[in-house]
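In case you want the letters, here they are:
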Amino acid sequence: MNRHLYRTQLHALRQTTPSGASDPFAAFTAYDYGRRRRLHPDVAWADACRAYAFAAASHADHAGELDLDTELALEDHWDRLRGDAGPDWPVTRTLLREAWRWLDEHAAERPRMH
């Protein structure tokens, strides 16, 4: 996973509020978070940002292919990366799948490196 992309995307998303966004991927994450917040009210925006940044940074490494082996590797990587912050893997997996779907559909609108 591209750690630089993870850090820059995390920083960019943290500067975004769920009600406003500066680029297409940030706008998607704000919208998606708003939809999912009803299902996971315990997940704060700051924690969701970590999951979305992880999704953006890991997408290219796996060409958007989420098979069982990839998912297990991502879960392990996420557990090490998040430490005590960020949502648990089941929530992160849901956010990651939606983000990967969006990234596949919007290839020209990839997250920007700030």
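Sequence order as written defines the numbering, with residues in each chain counted from 1. Reporting of local features is limited, given that this is a predicted model, to residues whose pLDDT is at least 70; pairs of side-chain atoms are given and counted only at 80 or more, and all residues count toward the totals for whole chains, interfaces and linings. Side-chain measures were taken over the full set of non-hydrogen atoms in the model, leaving aside hydrogen atoms and water.

**Q** Help me out: how do you make sense of the overall build of the protein chain in this one?
**A** What counts as a helix is a DSSP run of H or I of at least four residues, what counts as a strand is a run of E of at least two, and both are numbered from the N terminus. In terms of helices and strands, the protein chain carries 5 helices and 0 strands. Secondary structure elements in the protein chain, listed N-terminal to C-terminal, are α-α-α-α-α. Counting all 114 residues of the protein chain, 46% fall into the buried class. Residue pairs at least 24 apart in sequence account for 72% of intrachain contacts in the protein chain once pairs closer than 6 positions are excluded. Accessible surface, the protein chain as shown: approximately 6100 Å² in total, 49% of it carbon and sulfur. Per-residue accessibility, obtained with a 1.4 Å probe over protein chains only, is compared with the maximum for each type, and a residue is labelled buried under 20%, exposed over 50%, and partly exposed between these values. Every residue pair with non-hydrogen atoms within 4.5 Å of one another is taken to be in contact. Reported accessibility uses the Shrake-Rupley method at a 1.4 Å probe radius. Residues are deemed covered only where the shown protein chains occlude them.

**Q** Is there a simple way to explain the nonpolar core in this structure?
**A** One broad trend across soluble globular proteins is that nonpolar side chains are buried collectively. Ranked by internal contacts, the top residues of the largest apolar core, which has 31 residues, are Tyr6, Leu13, Phe25, Tyr52 and Phe54. Of all the secondary-structure elements, those providing two or more residues to this core are α1 (3-14), α2 (24-36), α3 (45-59), α4 (68-82) and α5 (89-105). Top contributing element to this core by residue count: α3, with 10 residues. When near neighbours in sequence (up to four residues on either side) are disregarded, Leu13 contacts Phe25, Ala26, Thr29, Trp45, Cys49, Tyr52 and Ala53. Remark: nonpolar core denotes a set of buried residues (Ala, Val, Leu, Ile, Met, Phe, Trp, Tyr, Cys) joined through side-chain atoms within 4.5 Å.

**Q** Help me understand the environment of Tyr6 in this model?
**A** If you trace the backbone, Tyr6 turns up in helix α1. Sequence-wise, Tyr6 and Tyr52 are 46 residues apart; in three dimensions their C-alpha atoms are separated by 9.0 Å.

**Q** How should I be thinking about the packing of aromatic side chains in this particular structure?
**A** In this description, an aromatic ring pair is defined by two values, namely the gap between the centres and the angle between the planes. Aromatic rings from Phe, Tyr and Trp, taking only the six-membered ring of Trp, are treated as a pair when their centres fall within 6.5 Å; an angle between ring planes under 30 degrees marks them as stacked, one over 60 as edge-to-face, and anything in between as tilted. Taken as a whole, this structure holds 6 aromatic pairs when the rule is applied. Aromatic ring contacts, followed pair by pair, group Phe25, Phe28, Tyr52 and Trp102 into a single cluster.

**Q** What exactly am I supposed to notice about the confidence of the model for the protein chain here?
**A** For residues with low pLDDT, the predicted coordinates do not support detailed interpretation. For every residue, the pLDDT score states the predictor's confidence, bounded by 0 at the bottom and 100 at the top. Of all residues in the protein chain, 86% attain a pLDDT of 70 or more, and the chain-wide mean is 83. Per-element confidence in the protein chain is highest for α5, whose mean pLDDT is 93, and lowest for α1, whose mean pLDDT is 76.

**Q** What is the right way to look at the environment of Leu74 in this model?
**A** By the secondary structure assignment, Leu74 is in helix α4. Excluding residues within four positions of it along the chain, Leu74 makes contact with Phe54, Ser58, His62, Leu66, Trp89, Leu96 and Trp100.

**Q** Help me out: how do you make sense of the side chain of Glu71 in this one?
**A** Its location among the elements puts Glu71 in helix α4. Beyond its immediate stretch of four places on either side in the chain, Glu71 contacts Leu66, Trp89, Arg93 and Arg97.

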